[in-house]
Amino acid sequence: MTEFRSIRVHAIVLRHADWGEADRLVTLYTREQGKLRAVAKGARKITSRKAGHLEPFTHVKLQLARGRSLFIVTQADTIEAFLSLRETLVMTGTASYVVEVLDRFVYEEEGANPTLFRLLAETLKRLSTGEDPWLAVRYYEMRLLDFLGFRPQLFECANCGREIKAEDQFFSFLAGGVICPRCGHGLPNLTSISLDALKYLRHFQRSSYAESKRAQPTPDVRDEVERLMQGYFTYLLERELNSPGFLKQVRGGYKSSP
Ligand SMILES: [Zn+2]
């Protein structure tokens, strides 16, 4: 097996935490290696030239050296700082949600997923350039579900497999999709979903970002879609937290920053 002493990566900074006296531990999502953590030596010193490149949301080009257990940042160059994401609390909160969702669903040993990296970078760019944050975030969530293997089933009943008709339906987080009214009345823990919200989600699931922008959902549909997606993510995250992958991470001494 070849061990490279040093690697160059494109990375989005997910978060950072204090490390030792003056260092910083940064959690990165990289195009070349997926998620990884690296130590930036002296990054908390006022004179540090690395610090500014390692703020959350920054798209940065890094030179990393393989240390004994963690990578060490040896060089950092900002590609895009996305400064506007730090201008308001709402923006910062939205961007934080975007990086946190990825951080919580993706593990370090999973390796590279350049498409996921591009989705993350594009989403931060959309948010920083004044695109509708609601749309940018919902689009990100929908594509993320595809990548994570949780693409919601919206065309056939997730219980009986029959084609979904044009009427109000139910949605099951457990089954990962729409449940027809016939099955729905006998099953526990279902959320209702209106025909309008279902239509929007179906269009959304099959559309590019540019196409998604053309649909004009009503405020009610927006609220309903947001509640449904948030509910589904919360459910998946709770399930992930109980999974072996998470336990492995905890046993490995994973330290999470607030
Ligand atoms: Zn059914």
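Presented here is an overview of the structure given in this document.

Rules of the game
Residues numbered from 1 in each chain as written. Predicted model: local features only at pLDDT ≥ 70, side-chain atom pairs only at ≥ 80, totals over all residues. Heavy atoms only, no water. Donors = N, O, S within 2.8 Å, 3.2 Å for Na, K, Ca; no water. Tetrahedral: all angles 85-135°; square planar, octahedral: opposite > 155°, others 65-115°. Helix = DSSP H or I, 4+ residues; strand = E, 2+ residues; numbered from the N terminus. Buried < 20%, exposed > 50% of the residue type's maximum accessible area, 1.4 Å probe, protein only. Phe/Tyr/Trp six-rings, centres within 6.5 Å; stacked < 30°, edge-to-face > 60°. Lys NZ or Arg CZ within 6 Å of the ring centre and 35° of its normal. Pairing = 2+ DSSP bridges. Axes fitted to C-alpha atoms, helices over the stretch in contact; angles between N-to-C directions. Parallel < 35°, antiparallel > 145°, perpendicular 65-115°, else oblique. Contact = heavy atoms within 4.5 Å. Nonpolar A, V, L, I, M, F, W, Y, C, P; charged D, E, K, R; others polar.

**Quick notes on the coordination of the zinc ion**
Next up, step 1: Only Cys157 (SG), Cys160 (SG), Cys180 (SG) and Cys183 (SG) from the protein reach the zinc ion as donors, at distances of 2.3 to 2.4 Å.
Next up, step 2: The site at the zinc ion holds four donor atoms, and with the angles between them running 103 to 115°, its shape is tetrahedral.
Next up, step 3: Donor residues for the zinc ion, ordered by position in the chain, follow C-x2-C-x19-C-x2-C. In this pair, Cys160 sits in the loop between α3 (133-148) and β6 (169-172) while Cys180 sits in the loop between β7 (177-179) and α4 (181-184), placing the two residues 20 residues apart along the sequence.
Next up, step 4: Owing to a relative accessible area of 32%, Cys160 belongs among the partly exposed residues under this scheme.

**Regarding the packing of aromatic side chains**
Next up, step 1: Applying the stated criterion across every chain, the model contains nine aromatic pairs.
Next up, step 2: With 6.0 Å between their ring centres and 75° between their planes, Tyr139 and Phe204 make a pair best called edge-to-face. Remark: Phe204 occurs in helix α5 (residues 195-205) and Tyr139 occurs in helix α3; sequence separation between them is 65 residues. An identical accessibility class is assigned to Tyr139 and Phe204; each is buried.
Next up, step 3: Aromatic rings pair up to connect Trp134, Tyr139, Tyr200, Phe204 and Tyr209 into one cluster.
Next up, step 4: We note Arg126 situated over the ring of Tyr209; from NZ or CZ to the ring centre the distance is 3.8 Å.
Next up, step 5: One cation-aromatic arrangement involves Arg143 over Tyr139; the distance from NZ or CZ to the ring centre is 4.9 Å.

**A look at the sheet that holds strand β2 (residues 23-30)**
Next up, step 1: Within the closed barrel, the five strands sit side by side as β1-β2-β3-β5-β4. Their pairing is mixed. Each adjacent strand pair in this sheet contributes to an overall mean axis angle of 50°, direction not counted.
Next up, step 2: Where β2 and strand β3 (residues 34-40) come together, seven bridges link them in antiparallel fashion. The partner of Leu28 across the bridge, within β3, is Leu36.

**Structural notes on the packing of helix α1 (residues 89-105) against α3**
Next up, step 1: Packing of α1 against α3 brings their axes to within 11 Å, and their N-to-C directions diverge by 5°. Accordingly, the angle class assigned to the pair α1 and α3 is roughly parallel. Contacts from Thr94, Tyr97, Val98, Val101, Leu102 and Phe105 of α1 reach α3 at Val137, Tyr140, Glu141, Leu144 and Leu148.
Next up, step 2: Across the contact of α1 with α3, the residue classes break down as nine nonpolar, one polar and one charged.

**Considering the environment of Phe147**
Next up, step 1: Within the secondary structure, Phe147 is located in helix α3.
Next up, step 2: Overall, Phe147 belongs to the partly exposed group, its relative accessible area being 33%.
Next up, step 3: Considered as a pair, Phe147 and Thr115 are 32 residues apart in the sequence and their alpha carbons are 8.7 Å apart.
Next up, step 4: In this structure, Phe147 is in contact with Thr115, Leu116 and Leu119, ignoring residues within four places of it in sequence.

**Brief notes about the pairing of β2**
Next up, step 1: With eight of eight residues buried, β2 lies mostly within the body of the structure.
Next up, step 2: Pairing geometry for strand β1 (residues 6-19) and β2, over eight bridges, is antiparallel. For Val13, the partnering residue across the bridge sits in β2 and is Leu28.
Next up, step 3: The antiparallel pairing of β1 with β2 creates a hairpin that spans three residues between the two strands, and Gly20 there sits at a positive phi of about 60°.

**Here's the deal with the packing of α1 against helix α2 (residues 114-128)**
Next up, step 1: Here α1 crosses α2 at 175°, and the two axes come no closer than 10 Å. With respect to each other, α1 and α2 are oriented roughly antiparallel. Taking contact as the criterion, the partners of Met91, Thr94, Ala95, Val98, Val99 and Leu102 in α1 are, on α2, Leu116, Leu120, Thr123, Leu124 and Leu127.
Next up, step 2: Its residues assigned to classes, the contact of α1 with α2 shows nine nonpolar, two polar and no charged.

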